[in-house]
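A look at the structure
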Amino acid sequence: MSILVIAEHDNEEIKASTNNVVTAATNLEGDIHVLVAGSNCSGAKDQAAKISGVAKVLVADSPEYEHCLAENIADLIVAISADYSHILSPATTNGKNYMPRVSALLDVAQISDITAIESSDTFERPIYAGNCIATVQNSDTKKVITVRTTAFDAAQNDGSAEVVDLQESHNLGISEFIKEEIAESDRPELTSADVIISGGRGMQNGDNFKILESVADKLGAAIGASRAAVDSGFVPNDYQVGQTGKIVAPNLYIAVGISGAIQHLAGMKDSKVIVAINKDEDAPIFQVADYGLVADLFTAVPELDAKL
Amino acid sequence: MKILVPIKRVVDYNVKVRPKADESGVDLNNVKMAINPFCEIAVEEAVRLKEGGTATEIIAVTVGSSASQEQLRTALALGADRAILVETDIEVEPLAIAKLLKGVVEKESPDLVILGKQAIDGDNNQTSQMLAALTGYAQATFASELKIEGEKALVTREVDGGLQTISVNLPCIVSTDLRLNEPRYASLPNIMKAKQKPLDVIEAVSLGVDIEPRNKTLKVSPPPVREAGIIVETVDDLVDKLKNEAKVIT
Ligand SMILES: Cc1cc2nc3c(=O)[nH]c(=O)nc-3n(C[C@H](O)[C@H](O)[C@H](O)COP(=O)(O)OP(=O)(O)OC[C@H]3O[C@@H](n4cnc5c(N)ncnc54)[C@H](O)[C@@H]3O)c2cc1C
């Protein structure tokens, strides 16, 4: 049997998280097929065909898949699921949205957010905000899995897979896309950035994030935030790093004015090097930081900026 | 409009949970239990819809052992009208919970089901989507704004790139994200009143669905520990370490 990977893309481009999931899939036995479901998605299709290790790309190019509405995507995946032993998607907000729907329609359990594959039925996944790692064995005939992308390297792009057009139309007509507000940014995406600088409640307001931006410009970094900074309206929701936000694992994570609550640590403690800048020497963030600087961020960050 | 709010009893979010020494499971001895924070947000949203005149009745429901009655009482104190415990001592998985909730949905015929996007114990983020699949209803997950407009719900969702707004037919399943609202605290008089509100107990087996676990936990281990770091005295030191020791900047 083969393995089906559901691509994350914006119709024009494949997101790096797809490449991470393909790498995860190479730990299983079987050909790897990638499903690109979208509308006017030939750009994404071409890129998917180049991902190393992929044997076949299935394309469902139709208006009802344009916005990745869970109802339509789930029906599509179920319709083509017969030949697959494993169905994997990245644990992005899209994957988290449609995959459990797929599982329930197939009457199988889902294994969420896996970080390691031990065998075809046994997986590791973090629970309790990453304070415990569970090893779970699944007894269903088909495995439906979401993958924590930071746990697997991204597959290269030097392949050339066969491309097959699907004639599958699934439009349940019970949900409708209205609009989206997607932040346009020249910065790298949080989940695939090499360097991240994040601000917390200590930033005091959104304007002050400018001092982080200047450092980010020099380091080619993405900007993240704690829940408190997002809740307070300093920055938009897509900046949130943590148990219930984005999971990141860059080479360098700089936490500025962030105390280091369990829920925040859950999103960043697998970073290679962690730097914390906080004026409270007892802040829990220092317990995970490789380099801690006890200082007022409003003097330390501009100084850091000047010295880079 | 009738609203069903499924909730879950979980370890309090302030507790740092550890595996048992023999790695056979999670050490839950004497830890503080609470209503899952996302479920609290779900209850609050339902209460606001009732206060705003959109909803007429709020039913809180949970699947679990009899200890979960405590969390149902919390939901009642926050403003739910009545509660249902679907009782079982098996550790039920999201798929089983969704099947049991489907049974409750069939009995109660709610116009709207609001539940938390994830429980902070298993961090699965599955139940609402599975319930939507089983009932055939539309799903609006990770909601940060919810408006009822006639026969539809207009829901703004928190997605990786920002915000997405969708319109779904009622009845539908909504899962809450953190910024949907800020839940109130239950007042003492409301906690007292909650004790008088109806709480029905039904046996999970009476719903006639397969709730046997499909996932077997082989072990629960601690995450890799990070080696202790150092405190640097100055920004110069920091830059030097990052360049020459960690080599993460140039
Ligand atoms: C269900 C649930 C889910 C959650 N999910 C997440 C999540 O995904 N991500 C997340 O981040 N949080 C999450 N949280 C929230 C989490 O518990 C914390 O409340 C939050 O992370 C705190 O953010 P903070 O560190 O910015 O704020 P605080 O804890 O208030 O810390 C601010 C820090 O800034 C420092 N500071 C202040 N001024 C300065 C200054 N001038 N210079 C230097 N330092 C300064 C202070 O010393 C302090 O340590 C969640 C909570 C719950 C209940």
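These lines cover the structure that appears in this document, whether it is placed above or below. All values derive from a computational prediction rather than experimental measurement.

Here is what the cut-offs are and how they apply
Residues numbered from 1 in each chain as written. Chains lettered and ligands numbered in written order. Predicted model: local features only at pLDDT ≥ 70, side-chain atom pairs only at ≥ 80, totals over all residues. Heavy atoms only, no water. Pairing = 2+ DSSP bridges. Helix = DSSP H or I, 4+ residues; strand = E, 2+ residues; numbered from the N terminus. Contact = heavy atoms within 4.5 Å. Buried area = accessible area lost by both parts, 1.4 Å probe. Salt bridge = Lys/Arg side-chain N within 4 Å of Asp/Glu carboxyl O. Polar contact = N/O pair within 3.5 Å; in protein donor to acceptor, adjacent residues only side chain to side chain. Nonpolar A, V, L, I, M, F, W, Y, C, P; charged D, E, K, R; others polar. Core = buried A, V, L, I, M, F, W, Y, C linked by side-chain atoms within 4.5 Å. Buried < 20%, exposed > 50% of the residue type's maximum accessible area, 1.4 Å probe, protein only.

**Overview of the pairing of strand S7 (residues 138–149) of chain B**
Residues and elements named next belong to chain B. Alignment of S7 against strand S10 (residues 172–176), held across 4 bridges, turns out to be parallel. Counted as the bridge partner of alanine 143 is threonine 176 from S10. Relative to strand S8 (residues 152–159), S7 runs antiparallel, the two being bridged by 6 bridges. Considered in S8, the bridge of isoleucine 148 is made with alanine 153. Counted along the chain from S7 to the antiparallel partner S8, the turn is 2 residues long, and its residue glycine 150 has a positive phi close to 65°.

**Looking at the interface of chain A and chain B**
Counting residues at the interface gives 81 residues for chain A, matched by 78 residues for chain B. When chain A packs against chain B, close to 6700 Å² is buried across both sides, 53% of that on carbon and sulfur atoms. Where aspartate 107 of chain A meets lysine 99 of chain B, a salt bridge forms, and the shortest distance between an N and an O atom there is 2.7 Å. Run the count over chain A and chain B and you get 46 residue pairs in polar contact (both at pLDDT 80 or more). For the side of chain A that touches chain B, the per-class residue count stands at 37 nonpolar, 24 polar and 20 charged. By the bridge criterion, 7 bridges tie strand S11 (residues 175–182) of chain A to strand S9 (residues 162–169) of chain B in an arrangement that is antiparallel. Bridge pairing in S9 of chain B places isoleucine 182 of chain A opposite glycine 162 of chain B.

**A word on the nonpolar core**
Leu112, Ile114, Leu146 and Val174 of chain B are the most contacted members of the largest nonpolar core, which has 45 residues in total. For this core, the element with the highest residue contribution is helix H1 (residues 37–51) of chain B, accounting for 8 residues. Contact partners of leucine 112 of chain B, with chain neighbours within four places excluded, come to Met1, Lys2, Ile3, Leu4, Leu49, Leu146, Ile148, Leu170, Cys172 and Val174 of chain B. One finds Val54, Ile114 and Ile127 of chain A together with Val11 of chain B within the second-largest nonpolar core, a separate group that totals 39 residues.

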